[in-house]
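# Tertiary structure, described
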Amino acid sequence: MTNRTFHLMPRLALAATAFVAAHAAMAAETPVRKRLPPETDSAIQTLLDWQRRLDGDTEAHVIERLGEPDQRLEMPSNEASGEPMHTLKYRLSRHSALSIIVHQGEVAAVTITLVPSANESGPVDH
C-alpha cells in the first residue's frame, strides 16, 4: 500500500463512519440487515450504538476508559478548522482494530475494522 493511499484511508474511514452514524436508523432498514441472523444484526446495532456514544467524548476520557492506545498516528490538519488531528489505534485481535480520530481534543469519528483470521494466536501485525 502506497504512502499516499495510507494517508487517504483515515479520511475515507472518517467519511464512512460519519455516514453510518448519521444514517443509523436507515441502516436498520437496509435489505441486507433484514436478512442477517438476529444475533448478528443485534451485534451490529450494539457496536453502532457504542460508536455513537463515543462521538464528542474527550480524548482524555477515552484513554481513561480504554487505556493508552497501541498506536498514535498523526493526520493532516482538518481542512475546515486548520487544527491538527490524530488517530488513537487499539488492537482488537490479530488483524482487527479500533480507530478513534481526535480533533481539538474530542472524538470526531470511530471506526471498527473486524477482519477474521484463521490464526488469531499468531503475532500481532503492526
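Preceding this paragraph is the structure being described.
Structural notes, computed from the coordinates. (Residues numbered from 1 in each chain as written. Predicted model: local features only at pLDDT ≥ 70, side-chain atom pairs only at ≥ 80, totals over all residues. Heavy atoms only, no water.)

### Section: the pattern of salt bridges
Applying the stated criterion across every chain yields a total of five salt bridges. With a shortest N-O distance of 2.6 Å, D49 and R52 are connected by a salt bridge. Of the two residues, D49 and R52 are both situated in helix 4 (residues 38-54); the distance of three residues between them amounts to about one turn of the helix. Overall, the relative accessible area of 28% leaves R52 in the partly exposed class. Put simply, E59, R72 and E74 are held in one network by salt bridges that share partners. (Salt bridge = Lys/Arg side-chain N within 4 Å of Asp/Glu carboxyl O. Helix = DSSP H or I, 4+ residues; strand = E, 2+ residues; numbered from the N terminus. Buried < 20%, exposed > 50% of the residue type's maximum accessible area, 1.4 Å probe, protein only.)

### What to know about the pairing of strand 3 (residues 97-103)
Across the seven residues that make up strand 3, a large majority, seven, are buried. Across the two faces of strand 3 the burial is the same, with A97, S99, I101 and H103 and L98, I100 and V102 all buried. Looking at chain direction, strand 2 (residues 85-91) and strand 3 are connected through seven bridges and run antiparallel. Directly across from T87, in strand 3, lies its bridge partner I101. Taking the residues between adjacent antiparallel strands as the criterion, strand 2 and strand 3 are bridged by five residues. Two elements, strand 3 and strand 4 (residues 106-113), share seven bridges in a ladder whose sense is antiparallel. Counterpart to H103 in the pairing with strand 4 is E106. Counted along the chain from strand 3 to the antiparallel partner strand 4, the turn is two residues long, and its residue Q104 has a positive phi close to 55°. (Pairing = 2+ DSSP bridges.)

### Some remarks on helix 4
Over its 17 residues, helix 4 extends 25 Å from the first C-alpha to the last, a length consistent with the 24 Å expected when each residue adds 1.5 Å. Listed in full, the buried residues belonging to helix 4 are L48, Q51 and L54. One side of helix 4 holds all its buried residues, which, seen down the axis, span an arc of 120°. Residues of helix 4 that are exposed and angled more than 90 degrees away from the buried face: P38, E39 and R53. A positive phi of about 85° marks G56, the residue just after helix 4. (Expected span 1.5 Å × (residues − 1). Arc of directions from axis to C-beta.)

### Quick word on the environment of P76
By the element assignment, P76 lies in the loop between strand 1 (71-75) and strand 2. A C-alpha to C-alpha distance of 8.0 Å links P76 and H86, two positions ten residues apart in sequence.

Fair warning: the whole summary comes from geometry, so function is off the table for now.
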